[in-house]
Amino acid sequence: MNIPRPFLIGFLGAAVALTPVVPGAFAQQAQVHRMPLRDQPVALTLYSAGIEANLPSSKDAFLLEQLKMLGQRLGEFPQQFGEEEEFPINSIQINDLTTLLMSPMSLKLSVGPTLLGDEPRPIVSFTASPTDERVAERLGWTVRNQVARRQIPATQTSGLTRIEHDELGLIILGKRARNFVAVVNSEFDNAPVIPAVPGLPEGVEPALAFKFEPVHLAKFFNEMVIPDSPDPDLVRDFLEQIGMIGDNTITIEGTLGYTEDRMLGVYRERGSARIAEPFGFPTSLTLGDDILTTIPADATSVLATVFDLEAIYDLLMSYAERFDGQRPPIEDWVRDFTGIDLKEDYFPAVGKRLAIYQAPSTGGGSLASTVAIVEIGDADAMRRVMTKLSEFVEQKITPLARNTVRFAPWKLESGHDAWSLSFPGVPAPIEPCWMIYADKWVVKAATPGALIAAVDHLRDRNAASFATNPHLLAESGSKPSEAIFVQYLDAAFYAQRGYGLASIAATALSNFTRSTINPEARIPTERMPTYNALLADLRPSIAVAKWEGDDLVTTMTADRSSTAQIAAILGNAGSLYTSLIAPAFATGALLPALGQARQNAQQVRAASNMRQLLLALTMHANDNNDRLPASLEVLVERDFVQSQQLVSAYGPSWDGGSDFAYRSDLAGKPFAGIRNSATAVLIVDRAALLAGVARINVGFADGHVEALTQWELARKLQEPGNEGAAEAMGIADWLP
């Protein structure tokens, strides 16, 4: 018998308290694993220096106090929402658990051979050092008490509870020295373990760190994950491609620390250059100087990266083809719907560098000021895309949208040609527009004003640009052109906008953490910093990624205050929120048109499929003495149609049944004997009927197809020649 896995990694004392246990799953006698294994390989190490080390700024005093109060507030839930004895753990234990989670701690995880044998088993070592030693002592007592109550065979030694489980191995929980420990098939750590992750300046201690080495999980992947998967070859190839197994296994590590005025972080993917290309990250390409100079110096939000869109598409299609057995016809759909050939037109047109920014000079720094600069690969291909896109909108979208959507060409004062997607008669506050600049860049903007400002910056060769931003130069070692990724956020600019939202959130948190039982308990002594205090000397947030040999290394810096960072993020999101009305209006105009166009395309595909099935029925009758088949599946078995033709454009049916309903009452009967062939129903698109589609394709005995509403279909099935047809096709319950 087995106990549920949560008991093993079941977190600390609460795991024992919350997990149902089958005592028979535990060894009744001593096993061979008398000592924890030592020097076990570790796949994942997580470390935190504690909540205080991660909120070191004086601006975070309020947030720090509130998080500490949060555990006490959660501890009141048993009293507030029910009898305490009904809760699996009591108020003190809840408070102790949250205190433990905010303490310095480390967690080491792996899966591998143990003293029980070579079969991979969990290897866990958790160590936490709460400031108050009594927290570890109380949790150790909770473990002992719960084990005794559940009659789990265990031994007690020096404050530790030792459990020997036949399947999982040796489990030890409790207080050791000043620490609370929980280990499974592992040795104890005398203190939280800091993984060796380089990158922080000398003298800066890590507040957070992690290291993931999947090479130590190879046996687990190869012997347990891959063989048990539905498609072992597919899973093996995927794990090799992402660097989890095989010769190109990667290591991922990161660390974060604080100086007197900033937060610093380093994230490293060791060996990722060997696997990057298929995922759309060309290792031989960097941002270069020119794309960074397309961004104005006053940009408040920037994202610039290199990418290979076609490589990403091909990777997705290859996995889809292996998963489904056939390549999704996306290229055909796009070509049929828009006239754009992805392989011949779109992918050659798009280059491999992209920048997206917001700036006061392009519209105030909000969403409406957003500009995207996309590198052009083939200018002629890009012009073909623009032409076909214009024709698609004018010929298909505009009529369906009743002229409320238009693709309009116009000229800038500079003489450059531009195009806009406008919404006549609709109060949409955006007008997406774009233009081709110097056959090198496609400039896209949320409004014509933003586009004009972006082009003016490109034309002014003496204009200051983001490429000379001092924070970017400092973070990139004065070589931003060598980066493959840059992200920048002007914290001071957005914190001004987000302070109100942050203040509301702080008030909500303060009210939530106050006691409902004792009005005198937990009165806050700290307050949310004032507007001027929070915004004083704010540093921007910036991340820069570069290749260092085969390693992808990202360095990050931000303001020391997490509260200030939250306000900046809320300010950036707030500008997005206040602009959501724009895509809402645009969506309101586009969705009916796009939805109708999509339905029309599905109707055409479904009707074509239906005609082929009707033709196959005729061919079957010709070859079988004018007799109809027992089912549509017979048409596949005898090679009159392929199996995919039995799949509706609206399928698969949500109930798991067939996509097409067939007149089984006519099976084996002569085709020529059907009365009123022009009104006699043979096939109904059952998937469309179940999906509630407005019009359902219906195939008739004379070979024609009609799109009928549910009411029209119900009436048609009551006409002469269709008696009992609804019941024979199994659709009677779905008709009005």
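### A look at the overall build of the protein
Then, number 1: Each helix and strand counted, the protein has 24 helices and 24 strands in total.
Then, number 2: Across the 736 residues that make up the protein, the buried fraction comes to 49%.

### A look at the pairing of strand E15 (residues 417–422)
Walk down a regular strand and you will see the side chains alternate between the two sheet faces.
Then, number 1: Judged by how many residues are buried, E15 sits mostly within the fold: five of six residues are covered.
Then, number 2: Taken together, the six bridges between strand E14 (residues 406–411) and E15 define a ladder with antiparallel strand orientation. Within the sheet, the bridge partner assigned to Trp 410 lies in E15 and is Ala 418.
Then, number 3: Here E14 folds back onto E15 in antiparallel fashion, the turn holding five residues, of which Gly 415 has a positive phi close to 95 degrees.

### Digging into the pattern of salt bridges
Between side chains of opposite charge, pairing is possible as soon as their charged atoms come close.
Then, number 1: For the structure on display, the rule yields 36 salt bridges.
Then, number 2: When the shortest N-O distance is used, the salt bridge between Arg 384 and Asp 345 registers 2.9 Å. Note that Arg 384 is positioned in helix H14 (residues 379–400) and Asp 345 in helix H13 (residues 342–349), a separation of 39 residues in sequence.
Then, number 3: Salt bridges linked by common partners bring Lys 211, Glu 253, Arg 268, Arg 270, Glu 548 and Asp 551 together as one network.

### Thoughts on the nonpolar core
Then, number 1: Counting 40 residues, the largest nonpolar core has Leu 292, Tyr 357, Val 443 and Leu 451 as its most contacted members.
Then, number 2: Here the element with the most residues in this core is helix H15 (residues 448–459); it accounts for five residues.
Then, number 3: Leave out the neighbours within four places in its chain, and Leu 451 touches Trp 410, Leu 412, Ala 418, Cys 433, Trp 434, Met 435, Val 443 and Ala 445.

### A short note on unusual backbone geometry
Then, number 1: With a phi close to 55 degrees, Gln 151 is a non-glycine residue in the positive phi region.
Then, number 2: With respect to the helices, strands and loops of the structure, Gln 151 is situated in the loop between helix H7 (133–149) and strand E4 (155–157).
Then, number 3: Residue classification places Gln 151 among the exposed residues on the basis of a relative accessible area of 65%.
Then, number 4: Of note, the phi angle at Ala 438 is positive, near 55 degrees, even though the residue is not glycine.
Then, number 5: Ala 438 sits in the exposed class, given a relative accessible area of 59%.

### Observations regarding the packing of aromatic side chains
Then, number 1: Inspection of every chain in the model, using the stated rule, returns ten aromatic pairs.
Then, number 2: Aromatic ring contacts, followed pair by pair, group Tyr 313, Tyr 346 and Phe 347 into a single cluster.

### What about the sheet that holds strand E23 (residues 696–700)?
Then, number 1: Judged by pairing direction, the sheet is antiparallel, and its four strands sit side by side in the order E21-E22-E23-E24 without closing on themselves. In the strand order of this sheet, the two ends are held by strand E21 (660–662) and strand E24 (705–708), each with one partner. Ignoring strand direction, the axes of neighbouring strands in this sheet form an average angle of 25 degrees.
Then, number 2: Pairing geometry for strand E22 (residues 681–685) and E23, over three bridges, is antiparallel. Across the sheet, Val 681 pairs through a bridge with Phe 700, a residue of E23.

### Describing the environment of Val 197
Then, number 1: Turning to its location among the elements, Val 197 is positioned in the loop between strand E7 (179–184) and strand E8 (206–212).
Then, number 2: Separated by 69 residues in the primary sequence, Val 197 and Val 266 place their C-alpha atoms 8.6 Å from one another.
Then, number 3: Ignoring anything within four residues of it in the chain, the contact list for Val 197 reads Phe 210, Lys 211, Glu 253, Gly 254 and Thr 255.

### Some points on the side chain of Thr 338
Then, number 1: Along the polypeptide, Thr 338 turns up in helix H12 (residues 330–338).
Then, number 2: According to the relative accessible area criterion, Thr 338 is buried, its value standing at 18%.
Then, number 3: Among the polar contacts made by the side chain of Thr 338, one reaches the main-chain carbonyl oxygen of Val 334 at a distance of 2.7 Å.
Then, number 4: Here Ile 340 takes part through its backbone nitrogen, which lies 3.2 Å from a polar atom of the side chain of Thr 338.
Then, number 5: If sequence neighbours within four positions are ignored, Thr 338 has contacts with Lys 388 and Phe 392.

### Considerations on the packing of helix H4 (residues 61–75) against helix H17 (residues 491–513)
Then, number 1: Viewed as axis vectors pointing N to C, H4 and H17 meet at an angle of 35 degrees, and their least axial separation amounts to 9 Å. Handedness of the H4/H17 crossing: left-handed. Where H4 approaches H17, its residues Phe 62, Leu 63, Gln 66, Met 69, Leu 70 and Arg 73 are matched on the opposing element by Ala 506, Leu 509, Ser 510, Phe 512 and Thr 513.
Then, number 2: Of the residues contributing to the contact of H4 with H17, the split by class is seven nonpolar, three polar and one charged.

### A few points about the environment of His 457
Then, number 1: With respect to the helices, strands and loops of the structure, His 457 is situated in helix H15.
Then, number 2: Under the relative-accessibility criterion, His 457 is labelled buried at 10%.
Then, number 3: Between the C-alpha atoms of His 457 and Pro 296, which are 161 residues apart in sequence, the distance is 6.6 Å.

### A few points about H4
Then, number 1: The end-to-end C-alpha distance of H4, which contains 15 residues, comes to 22 Å, matching closely the 21 Å that a straight helix rising 1.5 Å per residue would cover.
Then, number 2: Met 69 marks the point of greatest bend in H4, at about 25 degrees.
Then, number 3: Looking only at H4, the buried set comprises Phe 62, Leu 63, Leu 64, Glu 65, Gln 66, Met 69, Gly 71, Arg 73 and Gly 75.

### Side note on the pairing of E8
Then, number 1: When strand E1 (residues 44–48) meets E8, the two strands line up antiparallel, connected through five bridges. Among the inter-strand pairings, Leu 44 is bridged to a residue of E8, identified as Phe 212.
Then, number 2: Where E8 meets strand E9 (residues 251–258), six bridges bridge the pair, whose relative direction is antiparallel. Among the inter-strand pairings, Lys 211 is bridged to a residue of E9, identified as Glu 253.

### So, the confidence of the model for the protein
Then, number 1: Model confidence for the protein is summarised by a mean pLDDT of 82, while 88% of its residues fall at 70 or above.
Then, number 2: Within the model, the stretch residues 83–87 combines pLDDT values under 50 with nine contacts to residues more than four positions away or in other chains.
Then, number 3: Across residues 576–598 the pLDDT falls below 50, and counting only partners more than four positions away or on other chains, this stretch makes 31 contacts in the model.

### Observations regarding the environment of Val 455
Then, number 1: As for its placement among the helices and strands, Val 455 is situated in helix H15.
Then, number 2: In contact with Val 455, not counting residues within four places along its chain, are Leu 412, Ser 414, His 416, Met 435 and Tyr 437.

### Quick look at the packing of H13 against H14
When two helices pack together, their arrangement is given by the angle between their axes and by how far apart the axes lie.
Then, number 1: Two numbers describe how H13 lies on H14: the axes approach to 7 Å, and their chain directions differ by 115 degrees. Judged on the interaxial angle alone, H14 and H13 are roughly perpendicular. You can see that H13 and H14 cross each other, and the crossing is left-handed. For the pair H13 and H14, the contacting residues are Glu 344, Asp 345, Tyr 346, Pro 348 and Ala 349 in the first and Ala 381, Met 382, Arg 384, Val 385 and Lys 388 in the second.

About the criteria used
Each chain carries its own residue numbering, running from 1 in the direction its sequence is written. This being a predicted model, a pLDDT of at least 70 is required before a residue's local features are given, and a value of 80 or more before pairs of side-chain atoms are given or counted; all residues contribute to the totals for chains, interfaces and linings. Hydrogens and water molecules were not included; the side-chain quantities draw on all heavy atoms of the structure. By definition, any uninterrupted DSSP run of H or I lasting at least four residues is a helix, any uninterrupted run of E lasting at least two residues is a strand, and each is numbered from the N terminus. Working definition: with a 1.4 Å probe on protein chains only, accessible area under 20% of the residue-type maximum means buried, over 50% means exposed, and in between means partly exposed. At least two DSSP bridges between two strands are required for those strands to pair. Only one rule defines a salt bridge in this text: a Lys or Arg side-chain nitrogen within 4 Å of an Asp or Glu carboxyl oxygen. We call a set of buried Ala, Val, Leu, Ile, Met, Phe, Trp, Tyr and Cys residues a nonpolar core when their side-chain atoms join them within 4.5 Å. Here, residues are in contact when the closest pair of their heavy atoms is within 4.5 Å. Two aromatic rings from Phe, Tyr or Trp, using only the six-membered ring of Trp, form a pair when their centres are within 6.5 Å; if the ring planes differ by under 30 degrees the pair is stacked, by over 60 it is edge-to-face, and anything between is tilted. Under this scheme, a helix contributes an axis fitted over its contacting stretch, all axes are lines through C-alpha atoms, and angles between N-to-C directions fall in the 0 to 180 degree range. N or O atoms within 3.5 Å of each other form a polar contact, as long as, within protein, one can give a hydrogen and the other can take it, and as long as residues adjacent in sequence are counted only when both atoms are side-chain atoms. Rotating anticlockwise by less than a right angle from the far helix to the near helix defines a left-handed crossing, while the corresponding clockwise rotation defines a right-handed one. Any residue outside Ala, Val, Leu, Ile, Met, Phe, Trp, Tyr, Cys, Pro, Asp, Glu, Lys and Arg is labelled polar, Gly included; the first ten of those are nonpolar and the last four are charged. Working rule for helices: expected span equals 1.5 Å times residues minus one. Here the bend at a residue is taken as the angle between two axes, fitted respectively to the seven residues that end there and the seven that start there. The predictor attaches a confidence to each residue, called pLDDT, with possible values from 0 through 100. Should an angle fall under 35 degrees it is taken as roughly parallel, and over 145 as roughly antiparallel, whereas 65 to 115 is taken as roughly perpendicular and any remaining angle as oblique.

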